[in-house]
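Coordinate analysis (summary)
Next come the chains, spelled out residue by residue.
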Amino acid sequence: MGYLEEMLLRNGVIFRSPDGSSSYIEGSLVSNSLVVRNSSGWVTHRIERSANGVDLIVRNTSTGLVEMRIAA
């Protein structure tokens, strides 16, 4: 498991449930960012570069608010 996936699991952005359903990280060609999809395939979060160009921010797609910042 990579560092990004581990951070998102720890903070509850992605999950693994016992019944086999899970959310996952996927690349997005439209917005040139990573997205997190739930087990139904809906985009729940967008992972983008922050203004400094080094750190990553995780933005909730329904509210538009930044939920976490991952320092590089």
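Structure: see above.
Turning to the pattern of salt bridges, a few remarks are in order. Counted under the stated rule, the structure contains three salt bridges. Two residues, Arg37 and Glu26, come together in a salt bridge whose shortest N-O distance is 2.6 Å. With Arg37 in strand E2 (residues 33-37) and Glu26 in strand E1 (residues 24-28), this pair connects stretches of sequence that are 11 residues apart. Here Arg37 falls in the partly exposed class, since its relative accessible area comes to 22%. Between Glu48 and Arg59 there is a salt bridge whose closest N-O contact spans 3.4 Å. Pair noted here: Glu48 is in strand E3 (residues 43-49) and Arg59 is in strand E4 (residues 56-60), with a separation of 11 residues, a long-range link.

The subject of this paragraph is the environment of Glu5. Here Glu5 lies in helix H1 (residues 3-10). Separated by 47 residues in the primary sequence, Glu5 and Asn52 have C-alpha atoms spaced 22 Å apart. Among all residues touching Glu5, those that are not within four sequence positions of it are Ile14, Arg16 and Ile25.

We now examine H1. The complete set of buried residues in H1 reads Leu4, Met7 and Leu8. Along H1, the residues classed as buried sweep out an arc of 95 degrees about the axis, all on the same side. Exposed and oriented more than 90 degrees from the buried face of H1 are Tyr3 and Arg10. Count one or two residues on from H1 and you reach Gly12, which has phi positive near 80 degrees.

Turning our attention to the environment of Glu48. Overall, Glu48 belongs to the partly exposed group, its relative accessible area being 23%. Taking C-alpha positions, Glu48 is 7.7 Å from Arg59, a pair spaced 11 residues apart along the chain. There is a polar contact of 3.4 Å between the side chain of Glu48 and the side chain of Arg59.

How each quantity is defined
- Residues numbered from 1 in each chain as written.
- Predicted model: local features only at pLDDT ≥ 70, side-chain atom pairs only at ≥ 80, totals over all residues.
- Heavy atoms only, no water.
- Salt bridge = Lys/Arg side-chain N within 4 Å of Asp/Glu carboxyl O.
- Helix = DSSP H or I, 4+ residues; strand = E, 2+ residues; numbered from the N terminus.
- Buried < 20%, exposed > 50% of the residue type's maximum accessible area, 1.4 Å probe, protein only.
- Contact = heavy atoms within 4.5 Å.
- Arc of directions from axis to C-beta.
- Polar contact = N/O pair within 3.5 Å; in protein donor to acceptor, adjacent residues only side chain to side chain.

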